[in-house]
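Structure assessment
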Amino acid sequence: MKYKESFYNIEIDRTDNFVLLFNSLRCVYVKLNEEYYGRLKSISLTDIDLENDVITKDLYKYGLIIEDDVDEMDILKLNGEISKYNNLGMGYTIAVTMDCNMACPYCYERHDKTNMTIDVADKIVDNVKNNIKDKKFLDICWYGGEPLLALDIVEYMSEKLIKICEDNDVPYYSFIVTNGLKLNRETAELLKNKCKVSGAQVTIDGLEETHNKRRISLDKNINSFNTIVNNIDSIKDFFKVSIRVNVDKDNSNEIDKLLDYFLYEMNWKDEKNVNTYIARVEDKNRCSLASCYSVLDFNKIEQNFVDKLFELNRKSIKNFYPRSMAIACGAQQLYGAVIDPHGNYYKCWEEVGIDKYKVGSVGKTSRINKNFLKYIYMDIPDECRECKYLSLCNGGCPRTRLYNGNKSCCYRNLGIMKDILKKYYIVWSEEKREGSLPEVK
Ligand code: SF4
Ligand code: SF4
């Protein structure tokens, strides 16, 4: 049998004694000495009997070589199809209200004041009950508007969904995306203990003055920045918080100071439950600030951010470790849905509450419509077929691609991903953990 080198081997580092590779299809590191590396590079020249060739057998085991007649793109496509159509678990993003207690200039949502009713909540719960049998998990993300404005519904539904999962021996997971204004200790305790919510994503867009201009509390008596920071500080001992910083030209010069503030003034440096990442404000957010960065310019900012984070708290790089993704996001899954307060289904978070993007409604038989099909049948962008990182991002946000002619939508450029992989490996080596990724030859 002849073998060839995997297209998805990425050289991360090289010294006199070894070459460090990352295979993005398997999401695995392999450290090769000269002999192994030499064999890898000459692999396509000879017929090989794997059973009688220890080195080649190892290269094969870690996915660094594959059979000469296998097209790895077909493997990626197969993984994508399995992920798209599998019905192993149930996953819903539930917007319990479209109302919000903030008015952020870049927000893309329409805020009607409707909260989900008990009637709609019961229909969603019934739907879960009727379909949960033999599922491997139920995964709920509470979303809005601001979901904590409808905490009673979150509580009501959680109790019922958890009971259904217990009765059927199905693991239950949940998470919440909140602006953080109402995420005080009492609420976080209720979320964790009663609703089994494992953590929250909260947005902080700069130091006090900047944040308060961008994340504007509708109640003028509330200082948005101080309230959110104090809330995080009061729950960090038991509740995971992932801080998202939305970045554009108006706040990018403050990222370093914000990081210093979190790590040193708030003393969150060694807090396992608090991590920070940055995200680009995109034009699709109807950016009224008119100051969005291009992907390339944002990548430079993210590189600086990662460097600074690594310098101040290198273990935090673990939060950036890439996952293998067979599809770009849940919108491409047949059974995934975002549900609005009226019980309407959508494919994408950014379409929730907008009637023209509806793909169905809970408790009603609905025909498959074009909004649904356009997410299911999306090709991989042409330029991504030549990209070694394809299995880590699958072309990027499907919704953006629907409106840009299916062009690649890299959320990190290739340079920064390589750097993150190198940094991650350094931290991993220092910790000398065994038996977990990355594997090392
Ligand atoms: S979106 Fe960018 S990083 Fe992702 S596969 Fe395509 S070219 Fe590569
Ligand atoms: S399609 Fe894009 S915006 Fe919508 S949920 Fe997926 S990644 Fe997010």
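1. Remarks on the site of ligand 2
In the vicinity of ligand 2, the contacting residues are C329, C348, W349, E350, C397, P398 and R399. Among the residues making up the shell around ligand 2, the classes are represented as 5 nonpolar, no polar and 2 charged.

2. Quick notes on the nonpolar core
Core analysis: the biggest nonpolar cluster contains 80 residues, and I94, W142, M157 and F239 have the highest contact counts within it. Core analysis: the next-biggest nonpolar cluster, separate from the first, contains 17 residues, Y3, L21, L32 and L64 among them.

3. Things to note about the pattern of salt bridges
When their charged atoms lie close together, side chains carrying opposite charge are able to pair. According to the stated counting rule, one finds 28 salt bridges in the structure shown. When the shortest N-O distance is used, the salt bridge between D248 and R214 registers 2.9 Å. Taken together, the residues span a long stretch of sequence, with D248 in the loop between β10 (240-247) and α9 (255-265) and R214 in helix α7 (residues 208-214) at a distance of 34 residues. With a relative accessible area of 4%, R214 lands in the buried category.

4. Notes on the packing of helix α5 (residues 151-168) against helix α6 (residues 185-194)
Between α5 and α6, whose axes approach to 10 Å, the crossing angle comes to 15°. By the angle between their axes, α5 is roughly parallel relative to α6. Here α5 runs over α6; the crossing is left-handed. Within the contact between the two elements, α5 uses L151, V154, E155, E159 and I162 and α6 uses T187, L190, L191 and K194.

5. Some points on the packing of aromatic side chains
On inspection of all chains with the given rule, the structure shows 15 aromatic pairs. Centre to centre, the rings of Y29 and Y425 are 5.4 Å apart; their planes meet at 40°, and the pair counts as tilted. A residue pair is termed long-range when its members are at least 10 positions apart, and Y29 in strand β4 (residues 28-33) and Y425 in helix α14 (residues 414-431) qualify at 396 residues. Judged by relative accessible area, which is 9%, Y425 ranks as buried.

6. Let's talk about a nonpolar patch on the surface
Together, Y85, I368, L373 and Y377 give the surface a local cluster of nonpolar side chains, amounting to about 430 Å² of exposed area. Tracing the backbone shows I368 in the loop between β14 (360-361) and α11 (370-376). You can call I368 exposed: its relative accessible area is 59%.

7. A look at the sheet that holds strand β9 (residues 197-203)
Spatial ordering of the open sheet is given by β11-β10-β9-β8-β7-β6-β12-β13-β14, a layout of 9 strands whose pairing is mixed. Two strands close off the open sheet at either side, each with one partner strand: β11 (274-280) and β14. Here 6 bridges tie strand β6 (residues 90-95) to strand β7 (residues 138-143), and the two strands are oriented parallel to one another. What sits directly across from G91, in β7, is D139. Set on the sheet, helix α10 (residues 295-312) makes contact with β10 and β11; between it and β11 the angle comes to about 165°.

8. Brief notes about the sheet that holds strand β2 (residues 9-14)
Taken in spatial order, the 3 strands make up an open sheet running β2-β3-β4, and their pairing is antiparallel. Edge positions in the open sheet fall to β2 and β4, since each of these has one partner strand only. Each adjacent strand pair in this sheet contributes to an overall mean axis angle of 30°, direction not counted. Judged from the 5 bridges that link them, β2 and strand β3 (residues 18-23) form a sheet pairing that is antiparallel. Along β3, the bridge assignment pairs D13 with L20.

9. Some points on the state of the cysteines
Tallied over the full model, the rule gives 0 disulfides. The thiol of C165 is not disulfide-bonded; the next cysteine sulfur, from C195, is found 14 Å away. Residue class for C165 comes out buried when judged on its relative accessible area of 2%.

Calculation notes
- Residues numbered from 1 in each chain as written.
- Chains lettered and ligands numbered in written order.
- Predicted model: local features only at pLDDT ≥ 70, side-chain atom pairs only at ≥ 80, totals over all residues.
- Heavy atoms only, no water.
- Near = heavy atom within 4 Å.
- Nonpolar A, V, L, I, M, F, W, Y, C, P; charged D, E, K, R; others polar.
- Core = buried A, V, L, I, M, F, W, Y, C linked by side-chain atoms within 4.5 Å.
- Buried < 20%, exposed > 50% of the residue type's maximum accessible area, 1.4 Å probe, protein only.
- Salt bridge = Lys/Arg side-chain N within 4 Å of Asp/Glu carboxyl O.
- Helix = DSSP H or I, 4+ residues; strand = E, 2+ residues; numbered from the N terminus.
- Axes fitted to C-alpha atoms, helices over the stretch in contact; angles between N-to-C directions.
- Parallel < 35°, antiparallel > 145°, perpendicular 65-115°, else oblique.
- Left-handed = near helix turned anticlockwise from the far one by under 90°.
- Contact = heavy atoms within 4.5 Å.
- Phe/Tyr/Trp six-rings, centres within 6.5 Å; stacked < 30°, edge-to-face > 60°.
- Patch = residues over 30% accessible without salt bridge, like charges linked within 9 Å, V, L, I, M, F, W, Y side chains within 5 Å.
- Areas by Shrake-Rupley, 256 points an atom, 1.4 Å probe, with all protein chains shown as cover.
- Pairing = 2+ DSSP bridges.
- Disulfide = S-S within 2.5 Å.

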